[in-house]
Each structure stands twice: as C-alpha cells, then as structure tokens.
Amino acid sequence: MTEFVMENCKVNPKGNLEFAGADTTELAGQYGTPLMLLDENKIREHAALYRDAMKKYFTPDSYPLYASKALSYKGIYRIMQQEGVGSDAVSCGEIYTAKAAGFDVGKMVFHGNNKTEEDLRYAVRVGIGRIVVDGPEELEELGKICTGLGVKQKIQIRITPGIDPHTHKAISTGRVDSKFGNAIATGQAEKITRAALKTEGVELMGFHCHVGSQIFETEPFINASAIMMSFIADMKKKTGFEAKELNLGGGFGVRYVKEHPYFDYEKAIEELSVKIKEQSASLNVKMPDIMLEPGRSMVAAAGITLYTVGSVKEIPEMKNYVSIDGGMTDNPRYALYQSQYEAVIANKAGQKADYVCSIAGRCCESGDLIAENIKLQKAKKGDILAVFVTGAYNYSMASNYNRLPRPAIVTVRDGHSEVAVRRESYEDLIKNDV
Ligand SMILES: *Cc1c(COP(=O)(O)O)cnc(C)c1O
C-alpha cells in the first residue's frame, strides 16, 4: 500500500491518485491545470477542532480567528462563518473580500505593522471587531479617526514577548528585534498600554502576540502565554487595567513531508490552558478570553495542486528536471524558504517512486523550483503531477510573474467538485492596463 503524507489521498482501483473521494486525473481533465484542489470537509474539520477545543479548555467566549493571509477568497470566509470561526485580516483587501462574502467583520481582527490612515478609516467604518495596534503612531492616528467619527473602537495591543522559536527566520516574529509590536523588555509595551488607556475613541480589550509560524513544539507558545500573563498582571498592578482578552496568534506546525512530526492541536490547546489557568491563579488576574489565529494549520493539509508535466530533461550523471505548467507563480514557497514538498505522478500513483528529480516551474528563472532531488514515479510529457499540502501560502502568495494567469481553485467534497475561484484569463491580465 502506498502511503501518502495526506490521509485524504489514496490510490484508486484505476491506479490514479484519489483526493477527497475524487479521481485527480479526471479533475485535471475537467478543469485544466495548474489546478488547486481543496478538501472542504478537511477545512471544516480543522475549524471545528479549534472552535470546540478552545471552548472546552479556555473560557466559553474564547474562539479561533482564521488567519486569512494563508488563503483568502470569498468562499473560505463563508466556510469559516458557517463553522463559527472568526478571522484575522492583514489588509483592507482581505477585509473587503470577507465583507463581499457576507462575513461578519465584527468577528474579524485587523493586523499590520504599518496600516495607513486609509486602512484604519476603512476598518473602523465597516465595523471591524478589533484593531491590533502595532505602535504609538497608529494608536494616535486611530484615536483621532475614531473621535472624529464619534465611535469607540475595540483594540488589542501587539506585544513582542521576546521569544525565539526554532523556525525559519523569515517567519519568526516574536523576538525583541522584530518589526512587529511593542517589546516588554524595552518598556515600550508598558508605555503604549498607558497611552492606549488615555486615548479617546479606543477601548483596550487586551493584548496580542504571535511568535512565528511552522512551529512543532508547544514550548514557545507556553512560554509566550506565561510572559503575556505576567505582563497582564504587571499592567493590572501598575495601571489598574485588567485585560479581558489574550490573543496568542497562530503558528502551529503542519506536516508537509513524512519526516515532519504530527502536531496535536487539541493537546497543545489543553497544555496552553493548563499554563494560563495556573498563571491566572498565581498572579491573581482573571482568566482572559483566549483567541488563537491559526492560518497554515487550518488550510495547508486541505490542499493539493495539480500540474501537467511538459519536458523531462535528463542531464547524464547529474540531474533530472521534470518541468510543469506552473511553479513559483502559484507556489513560491520553495523559492522563498526552501520549503519541502512531496509529490506524486497522479496517473501512476500506485507505481514505484524511484525516479530522483527536481520539479521545475515554467518561469524564466533558475530558482523557479517546487522541489529538488525528490523521488517520483518515472515521468513523461502529459503526466499529471500532484504536489501535496499546498492549501496555505500558495494561492495567497501567487503572482502573475511572466504574465502567467493564476490557476483556478476547485473545492472537493465527498467526490463532488465545484469551482470556488475561476482560472484567470489573458483578459484578466490586462484589465488594468491603460
Ligand atoms: C501569519 C500570522 C498568523 C498565522 O500564522 P500560521 O503560522 O499560518 O498559523 C496569525 N497571526 C498573525 C499576526 C500572523 O502574522
């Protein structure tokens, strides 16, 4: 039996790769390639897991906010809303997309280290749930906007706890030298808290931190929560303000390849709750409502990408290249972070994978690769290649480099498929050109 890194994938009786109950070679024929497939049941399962575990282990008003930078299109906000999950946004484009889908933006928090005045004004006007204030200029500007509009905006303050998780430096965000947030160690966290309490037009609800992404140990999260609880206690002692909310960000790891461990999200939530309850009792502060912002762990393992193989180039004694009709334009993660992926030739899924090769994209760029030196079934022109675990930070990071249209997204549920995002056309590519 061939074992794949994703449990919703198997070899069907025809010897093809089946994903979420559908034959991927048939989907490739029906919708064309490159094609992003999403297992809708899997997304709902993850959403429900976070929602239920957070209610069970934290306060009843604790809930997850899907970090929509991982994958943002209208349909994903509908799914999250139906599952009772909030969302986080890092731009007005994401807020706009959520609103257009009918998402309740009152259950949305707005992040960013450099929100413009226009951003802040838009978010306040549409009734965003929380703005996570990143620095003193933003606080001042937001105060002015809200006073002008005669509204009171709920905010959280982004704190830099001083945690260095073991992950790629490009996705490590909790260290004191981060571009995000206000460090406790430098006194800037206390300073902005005092300022927020005096700023008209805003209501401070609590604090936020996000230590990084693709983290497999619970320790950095536990440490961050302990530091944040101590900070809450310190602020209570010094200012009388007791935080109602503690937002611990996202970052739980995802198993992209078989060498990666499984991360037990529910167990991590339970361990976090034990620590936070312990701190709440010993520091004499009320148990805050907890928010978490899972992005990757909500959608990554719900997605695969299908490509058609073009040329197969064999350089004797050196290297084999399998070229596909997509690449860094729909999945820039290997080019950016050397992220690992596993793949299979979908129409030969039951055959032995002993052909060592690199998967190359079609851009005029030598770094346009999806994987290097991985094992595939012997590939030839016309085969369908499936890359696993591509639901997060693929489509949302896609570009039109080389004027390549972005692929379509198709959701699959118990074998039934449906277009969620149409494939871009050449007409789409020139629509803003004057
Ligand atoms: C990126 C990000 C997340 C999501 O991180 P994942 O690793 O995808 O779970 C959550 N919160 C903030 C503030 C982020 O920047």
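Details of the structure are given in the entry above.
Residues numbered from 1 in each chain as written. Predicted model: local features only at pLDDT ≥ 70, side-chain atom pairs only at ≥ 80, totals over all residues. Heavy atoms only, no water.

*Asks:* Would you explain the nonpolar core in this entry?
*Replies:* One recurring pattern in soluble globular proteins is that nonpolar side chains are buried together. In this structure, L17, I131, F207, I304, L385 and F388 are the most contacted members of the largest nonpolar core, which totals 127 residues. Top element by residues in this core is helix α8 (residues 219–239). It accounts for eight residues. Here this core spans two domains, and each of domain 1 (9–39 + 300–430) and domain 2 (111–294) adds at least three residues to it. Not counting residues up to four positions away in its chain, the partners in contact with I131 are F110, K115, L120, A123, V124, E138, L142, Q153, K154, I155 and Q156. In this structure, Y63, L65, V132 and M291 belong to the second largest nonpolar core, which totals five residues. (Core = buried A, V, L, I, M, F, W, Y, C linked by side-chain atoms within 4.5 Å. Buried < 20%, exposed > 50% of the residue type's maximum accessible area, 1.4 Å probe, protein only. Helix = DSSP H or I, 4+ residues; strand = E, 2+ residues; numbered from the N terminus. Domains from an automatic or database assignment. Contact = heavy atoms within 4.5 Å.)

*Asks:* What should I look at first to understand helix α1 (residues 24–31) in this one?
*Replies:* By the burial criterion, the buried members of α1 are T24, T25, L27, A28 and Y31. Looking straight down α1, one finds its buried side chains confined to an arc of 160 degrees; they lie on one side. Residues G29 and Q30 are exposed on α1 and point more than 90 degrees away from its buried face. G32, located one to two residues past α1, shows a positive phi value of around 85 degrees. (Arc of directions from axis to C-beta.)

*Asks:* So what exactly am I meant to see when it comes to the packing of aromatic side chains here?
*Replies:* For any two aromatic rings, the description comes down to two numbers: the centre-to-centre distance and the angle of the planes. For the coordinates displayed, the defined rule picks out 11 aromatic pairs. Their ring planes at 65 degrees and their centres at 5.8 Å tell us that Y77 and F103 sit as a pair that is edge-to-face. Of the two residues, Y77 sits in helix α3 (residues 74–82) while F103 sits in the loop between α4 (92–100) and β7 (108–110), which places them 26 residues apart along the sequence. As far as burial versus exposure is concerned, Y77 and F103 are alike and both buried. Judged by centre distance (5.4 Å) and plane angle (35 degrees), the ring pair of F263 and Y265 falls under tilted. Take F263 and Y265: they sit in the same class, and that class is buried. Aromatic rings pair up to connect Y50, F221, F252, F263 and Y265 into one cluster. Residue placement shows R255 over the ring face of Y262; its charged tip is 4.1 Å from the ring centre. (Phe/Tyr/Trp six-rings, centres within 6.5 Å; stacked < 30°, edge-to-face > 60°. Lys NZ or Arg CZ within 6 Å of the ring centre and 35° of its normal.)

*Asks:* Any chance you could explain the environment of A346 here in plain terms?
*Replies:* Within the secondary structure layout, A346 lies in the loop between β16 (343–345) and β17 (355–360). For A346, a relative accessible area of 0% puts it in the buried group. For the pair A346 and I215, spaced 131 residues apart in sequence, the C-alpha separation works out to 30 Å. When sequence neighbours within four positions are dropped, the list of residues in contact with A346 reads G15, N16, L17, T24, T25, I384 and A386.

*Asks:* Even after reading the chapter, I still don't get the packing of α4 against helix α5 (residues 117–126), so can you show me in this structure?
*Replies:* The axes of two packed helices give the description: the angle between them and the distance between them. Remark: α4 packs on α5, axes separated minimally by 10 Å, with the N-to-C direction vectors making an angle of 25 degrees. Considering their axes alone, α4 and α5 lie roughly parallel with respect to each other. Handedness of the crossing formed by α4 with α5: left-handed. Contacts between α4 and α5 involve C92, I95, Y96 and K99 on the former and, on the latter, D119, Y122, A123 and V126. Counted by class, the contact of α4 with α5 contains six nonpolar, no polar and two charged residues. (Axes fitted to C-alpha atoms, helices over the stretch in contact; angles between N-to-C directions. Parallel < 35°, antiparallel > 145°, perpendicular 65-115°, else oblique. Left-handed = near helix turned anticlockwise from the far one by under 90°. Nonpolar A, V, L, I, M, F, W, Y, C, P; charged D, E, K, R; others polar.)

*Asks:* Where do I start with the site of the ligand in this structure?
*Replies:* Close to the ligand lie 15 residues; K69, S213, E293, R296 and Y393 are nearest. Here an oxygen atom of the ligand and a backbone polar atom of G295 are 2.9 Å apart. Between the ligand and Y393, the relevant distance is 2.6 Å, taken from an oxygen atom to a side-chain nitrogen or oxygen of the residue. For the shell around the ligand, the per-class residue count stands at three nonpolar, seven polar and five charged. (Near = heavy atom within 4 Å. Polar contact = N/O pair within 3.5 Å; in protein donor to acceptor, adjacent residues only side chain to side chain.)

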